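Read off the chains here:
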Amino acid sequence: MKFNCKQSELSKGLATVGHAVSTRSTLPVLANLLLTIEGDHLRLSATNLEIAITCLVPAQVQEGGSTTVPAKLLTDFVNALGPGEVELSPLPGGIHGLRVRGGRSEANIRGMDPSEFPVIQRLDGEGGAAILDCGELRSMISQTAFAAATDDARPIFTGVFMRVRDSRLTFAAADTFRLAVRSTELPGVDNRFGELLIPARSLNELAKVLPTEGNVEMFISPARNQAMFRAAGVEMTANLIEGQFVNYEAIMPKSHQTRVVIPTTAMRDAVKRTSLFARTESAGNIVRITVTPGNEGLTPGVVTLQATNDEFGDATSTVDAVVDGPGLDILFNIKYVSDMLAVIDAPELVLELNTAQQPGVLKPQGTQTYSYIVMPLHSR
Amino acid sequence: MTIRILEPDVAAKIAAGEVVERPASIVKELVENAIDAGATRISIDLEAGGLTALRVTDNGGGIPRDELPLAFARHATSKIAAVDDLDHLHTLGFRGEALASIGAVAAVTLASRVPTAPSGSQITVTHAHAGPTTPIAMPPGTIITVRELFARIPARLKFMKSAQGEAAHCKDIIEHCALAYPEIAFTLQHDGRLGLRTSGDGDLLHAVAAVYDLKTAEQMVAISHGEPVGLVPDAPGSMTPIDHSPVVRGLTSRPAAFKSSRNHMQIFVNRRWVRSTPLTHAIEEAYHSLLLTGRHPISVVLITLDPALVDVNVHPAKTEVKFARDRQVYAAVQRAVRAAVLATTEAPSLSPQAFSLAMPQQVDAPEPQRDADAEVPYAPPPVVERPELAYVPPGGLRHAASANPAVAPTSQSTNAPPLWTPQDMHQVVRPTSPRSPVATPPPPPRLPALRVLGQVSQSYIITEGPDGVYLIDQHAAHERILLEKMVAQWRQQGVPSQGLLEPVVVELSPDTFTAVEERLTDLAAMAFAIDIFGPATILVRAVPAPLAAHALAEDLRDLLQELVGVESAGHGETWEEHVLANVACKAAIRAGQALSPDEQRALVRQLEQVDARHSCCHGRPTTVHLSLDALEREFGRR
């Protein structure tokens, strides 16, 4: 293989596929990138066997072929080259690898036999495709993936549940203490797409490599064990998690006694201040949220956040709020609250509560597309 | 083949095989008889491991002349008369099989004299054939000589080990008896050589010294648990427990002393040596986080409880027991041993020769001072402790100390350097925490006041105490301090309970399930919310907040098993330590970090306050002691 391309484009492509390079693996070839000439493009591929990312870089091709080289070395070398043309050619003597030439620098990078590289399945729309705006998908990922569990002990909780039903796409993620549910209109997609469980980790990588605008297509493999996302110039394939997700709809509270509307920024700041006192091992991340209704329009309702650390002291923050229903005193893990506040941008936040023992619901004001359910703590 | 009743002698030999397996079994039966007869002096002589001849001599009550022939009859015993007697057995033997069985497989000469009789009598039974009873001159007591063991049972003889091997088995038996009956003087001789001799002065420590050695004995601390209601009386016959709760006494080794096998945890139930895996485990659990894996304590644990609550009639050799309330017994053992171990003040010593004088001095020296302190109300920590950025010459701090009347030495002797006045250490506020409701060990004696000398290799702090040099591993010490502080904080504020989105269904083994069911309130107090869901199935609705990461069915099952397990009953502190161990390890200062003298002093002061100060969460030692004795020996002054 022999081709020329722009340093900036190659560098960008390498950065994209770098998200799928395995840093620690017993399979040495996984630390490599697969470079293949495809028409007038260079196709870069990387996989850690959990996800695979491929990326197309425009190139002036003189000779086709393919090879694999260490991902980190190639990426770092190309980044270190100044802007301009880069020429890539085979190593002399039939050795696997690449000669990279840019400006007055040249490097010979040894690689491995490309046939050792795992085959990356290429999917098409057979199993049903869904087309979504990149920005919307990224937002859905950021509002749900954080709620998934990070330890592999509970595989189904490490995933984001995806479902297409009645022209709506829904994402749901939970660990055993909280649940985030986000949905969006998805006209024109058939129900064949169905349900699937995709690792939250893979979705987070996807969010990083998606282009800022344009559409993304989603496919499911016929065996329903892989999903593929295709956007302009980049594709990602991810393995799916087997298993049945919890019946999250049953967990979502159907009604509430107290409804609080709080300015998001004020709440975020109050949480940040009190969390300084809650976030230690001994204080156990606990925040006490006290909801006090207003008085016939004379005084506003307030929400008070309080955290106590036996060793260092305590902090209280009060935020004005519109309180509908009786007052309440409830304990939450402050991390669960702040995680959610970090991913919404609506100006106002709604908190729906029943009793101090029942789950609380947080959602952005004025939308029905996002709900976040948190189990409270109770002290004895 | 026709079925027929066996000839009596065949049946006797089969039955005898159960009781008499090897010379050691005979020694056990005969020594136990001697103990039951109230002997205060028992000697055992073996020839060729007891295979050639074996003699047990005691100075007990003896057997009257007319009862001698009866002694060899099967199921003939003076120890019980009716079935009900089995419920309140105070004697070691009761089955009435021993002599009959021995008589069936060997030539036994039984000579005995009751103290009131003018002379003794003797009878010989050779392979189940009794001879005539003849008079003999002898002191009061009983002498039993066994010869020709298994001479007519070649099958059994084939399986005998070497004379040395058999003698070792006999020695084990005598060791057990010596530990259980420190008031009896035991002498064991093998082929004329002394194997074991105990003084019989009633002091268990002396018995341990005789069975093991002096060094081991000096590493032992006393176990005491339960009401001391005079349950271990001098005469074995008069043991009358009043309460139903088990009383645990004995000796156990400091964490510094250990063996690499589990065989040195000797357990006695009502003075009967028993083999019990759960009890052994309970002892080991008591050393949780104090001993590294592969190291095992040396313990002599004497459990006394109402004979009605123990069933010893499980096996002819009587080394297995059944308890009516096993959980209670295991918990009592664990609690008692744990309390004893935590109460030790001794750091692992660098030089084993130096044990002897170090131990008593160490425990006693700060004692009067501490009592005096108890009267003094809390005063703010002395000024000396305040770190200063400006350089203070080594002598400077000392002057400051003596200049300040609050810290000026008042009651201690003049030769104590001012910097480690006991006031310094005892006025440091101790985060007192309500210990778990079950275990309320006496406040453990603290580390002696230590004067910091400096830091070595930026990892170890060298301090001087009343008896030599103490080397402290700064990381391990800090880790232990943080761990105890964090656990105390959790306890103080009460761990909140974190509800689960969906209850987790946990299937348990039947015994864990029963234990969980029994201890639901305890578990609720630990912040679990558990519903019984079905036979052997529970619903966990909430877990202690710090355990939120473990809210997985398998994790919960393991955790519950651990929490309610028989061995850990009443020992509710492990899960917190378990969860916090890694946090403490990460938060602790590292080895290789330079500490200012003030920081070093602060660390040592804090270490003096912790409960299990001698090891970090992973069981490595925090402190190593180099006693003055050891130093003097090293320099050839002694």
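Caption draft 1: Representation of the overall build of chain B in the model. Counting its regular elements, chain B contains 20 helices and 23 strands. Per-residue burial for chain B yields a buried fraction of 52% across its 638 residues. Carbon together with sulfur atoms contributes 56% to the accessible area of chain B, which is approximately 28,700 Å² in total.

Caption draft 2: Molecular detail of the overall build of chain A. The helix and strand tally for chain A stands at seven helices and 26 strands. Counting all 380 residues of chain A, 52% fall into the buried class. Long-range contacts, defined as pairs at least 24 residues apart, comprise 67% of the intrachain contacts of chain A with a sequence gap of at least 6. Here chain A has roughly 17,000 Å² of accessible surface; of this, 50% comes from carbon and sulfur atoms.

Caption draft 3: Structural view of the interface of chain B and chain A. Taken together, the contacts link 26 residues of chain B with 25 residues of chain A. At the boundary of chain B with chain A, total buried surface from both sides reaches about 2,100 Å², with 56% on carbon and sulfur atoms. When the area that chain B buries against chain A is broken down by residue, the three leading residues are Gln489, Gln498 and Leu501 of chain B, summing to 31%. Taken together, the connections running from chain B to chain A amount to zero salt bridges. Counting across the chain B and chain A interface gives four residue pairs in polar contact (both at pLDDT 80 or more). Taken together, the elements giving at least two residues each to the side of chain B that touches chain A come down to α14 (474-493), β20 (497-507), α16 (520-525) and α18 (574-587) of chain B. Ranked by residue count, the leading element in the side of chain B that touches chain A is β20 of chain B, at six residues. Its residues assigned to classes, the side of chain B that touches chain A comprises 18 nonpolar, six polar and two charged.

Caption draft 4: Summary view of the sheet that holds strand β16 (residues 226-231) of chain A. All names here are of chain A. Taking strand neighbours across the sheet as the criterion, the eight strands line up as β6-β2-β3-β4-β17-β16-β15-β10 in an open arrangement whose pairing is antiparallel. Strands at the two margins of the open sheet, each flanked by one partner only, are β6 (66-70) and β10 (129-133). Adjacent strand axes in the sheet meet at a mean angle of 20°, parallel and antiparallel pairs treated alike. Looking at chain direction, strand β15 (residues 215-220) and β16 are connected through four bridges and run antiparallel. For Ile220, the partnering residue across the bridge sits in β16 and is Ala227. Its contacts with the sheet place helix α3 (residues 134-144) against β10, β15 and β16, and it is angled at close to 90° to β10.

Caption draft 5: Spotlight on the side chain of Gln266 of chain B. Residue and element names in this part refer to chain B. Mapped onto the elements of the fold, Gln266 is located in strand β12 (residues 265-269). Of the polar contacts made by the side chain of Gln266, one reaches the side chain of His176; its length is 3.3 Å. Among the polar contacts made by the side chain of Gln266, one reaches the side chain of Trp273 at a distance of 3.0 Å. Setting aside residues no more than four positions away along its own chain, Gln266 makes contact with His176, Leu179, Tyr212, Trp273, Ser299, Val300 and Val301.

Caption draft 6: A look at helix α19 (residues 597-609) of chain B. In a regular helix each residue adds 1.5 Å, so 13 residues correspond to 18 Å; α19 of chain B covers 19 Å between its end C-alpha atoms and thus fits that length. Along α19 of chain B, the residues that are buried comprise Asp598, Gln600, Arg601, Leu603, Val604, Arg605, Leu607, Glu608 and Gln609 of chain B.

Caption draft 7: Structural context of the pattern of salt bridges. What the rule picks out here adds up to 29 salt bridges over all chains. A salt bridge links Arg43 of chain A to Glu235 of chain A; the nearest nitrogen and oxygen atoms lie 3.6 Å apart. Of the two residues, Arg43 of chain A sits in strand β3 (residues 41-47) while Glu235 of chain A sits in strand β17 (residues 234-239), which places them 192 residues apart along the sequence. Exposure remark for Arg43 of chain A: the relative accessible area of 8% places this residue in the buried category. A salt bridge links Arg605 of chain B to Glu608 of chain B; its shortest N-O distance comes to 3.2 Å. Here Arg605 of chain B pairs with Glu608 of chain B, and both are found in helix α19, just three residues apart, close to one helical turn. The exposure classification of Arg605 of chain B matches that of Glu608 of chain B, with both residues buried.

Caption draft 8: Focus on the pairing of strand β22 (residues 537-544) of chain B. All names here are of chain B. Counting buried positions along β22 gives seven out of eight residues, so the element sits mostly inside the fold. Where β20 lies against β22, seven bridges are found, and the strand directions are antiparallel. Within the sheet, the bridge partner assigned to Glu507 lies in β22 and is Thr537. Here strand β21 (residues 529-534) runs beside β22; their pairing, made up of five bridges, is antiparallel. Bridge pairing in β22 places Ile530 opposite Val540.

Caption draft 9: Summary view of the packing of helix α1 (residues 7-18) of chain A against helix α2 (residues 71-80) of chain A. Residues and elements named next belong to chain A. In contact at an axis separation of 9 Å, α1 and α2 are set at 150° when each is read in the N-to-C sense. Taken together, the axis directions place α1 and α2 in an arrangement best described as roughly antiparallel. Read as a crossing pair, α1 and α2 show a hand that is left-handed. On α2, the residues that touch Gln7, Leu10, Ser11 and Leu14 of α1 are Leu74, Thr75, Val78 and Asn79. Residue classes in the contact of α1 with α2 are distributed as four nonpolar, four polar and no charged.

Caption draft 10: Quick peek at the packing of aromatic side chains. Under the defined criterion, the tally for this structure stands at five aromatic pairs over all chains. Measuring from centroid to centroid gives 6.2 Å for Phe323 of chain B and Tyr330 of chain B, while their planes differ by 90°, and the two rings are edge-to-face. Per residue, the accessibility class of Phe323 of chain B equals that of Tyr330 of chain B, and both read buried. Pairwise contacts between aromatic rings join Phe161, Phe245 and Tyr248 of chain A into one cluster.

Caption draft 11: View of α3 of chain A. For α3 of chain A, the full list of buried residues reads Cys134, Leu137, Met140, Ile141, Gln143 and Thr144 of chain A. One side-chain oxygen of the residue at the start of α3 of chain A lies 3.1 Å from the amide nitrogen of Gly135 of chain A, identifying that residue as Asp133 of chain A.

Caption draft 12: Representation of the environment of Ile220 of chain A in the model. Residues and elements named next belong to chain A. If you trace the backbone, Ile220 turns up in strand β15. We classify Ile220 as buried; its relative accessible area is 1%. Taking the C-alpha atoms as reference points, Ile220 and Gly194, separated by 26 residues in sequence, lie 9.5 Å from one another.

Caption draft 13: Seen up close, the pairing of β3 of chain A. Residues and elements named next belong to chain A. In terms of residue burial, β3 counts as a mostly covered element, since six of its seven residues are buried. In this sheet, β3 lies alongside strand β2 (residues 32-38) in antiparallel orientation, the contact comprising five bridges. Paired with Leu35 across the bridge in β3 is Leu44. Connecting β2 to the next strand, β3, in antiparallel fashion are two residues, including Gly39 with a positive phi near 60°. Between β3 and the antiparallel strand that follows it, strand β4 (residues 51-58), lie three residues; Leu49 among them carries a positive phi value of about 70°.

Caption draft 14: Representation of unusual backbone geometry within the structure. All names here are of chain B. Within the chain, Ala48 stands out as a residue other than glycine whose phi angle is a positive 50°. Judged by relative accessible area, Ala48 falls into the partly exposed class, the value being 25%. Backbone geometry places Ala536, a non-glycine residue, at a positive phi of 70°. Within the secondary structure, Ala536 sits in the loop between β21 and β22.

Caption draft 15: Local environment of the environment of Gln121 of chain A. Residue and element names in this part refer to chain A. Tracing the backbone through its elements, the reader meets Gln121 in the loop between β9 (105-110) and β10. We classify Gln121 as partly exposed; its relative accessible area is 42%. Separated by 116 residues in the primary sequence, Gln121 and Thr237 place their C-alpha atoms 7.9 Å from one another. Once residues within four sequence positions are removed from consideration, Gln121 is found in contact with Gln226 and Thr237.

Caption draft 16: Representation of the sheet that holds strand β19 (residues 468-473) of chain B within the structure. Residue and element names in this part refer to chain B. Spatial strand order, β17-β18-β19-β23: four strands in an open sheet with antiparallel pairing. In this open sheet, the two strands that pair with only one neighbour each are β17 (451-456) and β23 (623-626). Pairwise comparison of adjacent strand axes, ignoring direction, gives a mean angle of 25° for this sheet. Note: strand β18 (residues 460-465) against β19, six bridges, orientation antiparallel.

Caption draft 17: Quick look at the nonpolar core. In terms of nonpolar packing, the biggest core is built from 120 residues, with Leu42, Ile198 and Phe229 of chain A together with Phe528 of chain B touching the most fellow members. When sequence neighbours within four positions are dropped, the list of residues in contact with Phe229 of chain A reads Leu137, Met162, Ile198, Leu203, Leu206, Val216, Glu217, Met218, Val234, Glu235 and Met236 of chain A.

Caption draft 18: The packing of helix α8 (residues 277-286) of chain B against helix α9 (residues 326-342) of chain B, seen in detail. Residue and element names in this part refer to chain B. α9 packs onto α8 with a crossing angle of 30° between their chain directions and a minimal axis gap of 8 Å. Viewed along their axes, α8 and α9 adopt a mutual orientation that is roughly parallel. In the crossing of α8 with α9, the sense of the turn from one axis to the other is right-handed. Packed against α8, whose contacting residues are Pro278, Leu279, Ala282, Ile283, Glu285 and Ala286, the element α9 presents Val329, Tyr330, Val333, Gln334, Val337 and Arg338 at the interface. Broken down by class, the residue content of the contact of α8 with α9 amounts to nine nonpolar, one polar and two charged.

About the cut-offs
Residue numbers restart at each chain and count upward from 1, following the sequence in its written direction. Each chain takes a letter, starting from A, and each ligand takes a number, starting from 1, following the order in which they are written. Thresholds applied to this predicted model are a pLDDT of at least 70 for local features of residues and 80 or more for the giving and counting of side-chain atom pairs; totals over whole chains, interfaces and linings are not thresholded and use all residues. Excluding hydrogens and water, the side-chain values take into account all heavy atoms of the structure. Going along the chain from the N terminus, every DSSP run of H or I of four or more residues is numbered as a helix, and every run of E of two or more is numbered as a strand. A simple rule labels every residue: compare its accessible area, found with a 1.4 Å probe on the protein chains alone, to the largest value its type can have, and call it buried under 20%, exposed over 50%, or partly exposed in between. Using the Shrake-Rupley algorithm and a 1.4 Å probe, accessible areas are obtained, with residue cover drawn only from the displayed protein chains. Any two residues having at least one pair of non-hydrogen atoms within 4.5 Å are treated as being in contact. Once two parts are put together, the accessible area they lose, assessed with a 1.4 Å probe and summed over both, is termed the buried area. Think of a salt bridge as a Lys or Arg side-chain nitrogen and an Asp or Glu carboxyl oxygen that are within 4 Å of each other. In protein, a polar contact requires one atom able to donate a hydrogen and another able to accept it; more generally it is a pair of N or O atoms within 3.5 Å, and residues adjacent in sequence count only if both atoms are side-chain atoms. Under the grouping applied here, Gly and all other residues not named as nonpolar or charged are polar, the nonpolar ones being Ala, Val, Leu, Ile, Met, Phe, Trp, Tyr, Cys and Pro and the charged ones Asp, Glu, Lys and Arg. Two strands make a pair as long as DSSP finds a minimum of two bridges between them. Axis definition: a line fit to C-alpha positions, over the contact stretch in the case of helices; interaxial angles, taken between N-to-C directions, run 0 to 180 degrees. Multiplying 1.5 Å by the helix residue count minus one yields the expected span of that helix. By the definition adopted for this analysis, an angle is roughly parallel if under 35 degrees, roughly antiparallel if over 145, roughly perpendicular if from 65 to 115, and oblique otherwise. By the definition used in this description, the sense in which the near helix is turned from the far one sets the handedness, with an anticlockwise turn below a right angle giving left-handed and a clockwise turn giving right-handed. Between rings of Phe, Tyr and Trp, where Trp is taken as its six-membered ring, a pair exists when centres lie within 6.5 Å; planes separated by under 30 degrees are stacked, by over 60 edge-to-face, and by other angles tilted. We define a nonpolar core as any set of buried Ala, Val, Leu, Ile, Met, Phe, Trp, Tyr and Cys residues linked to one another through side-chain atoms lying within 4.5 Å.

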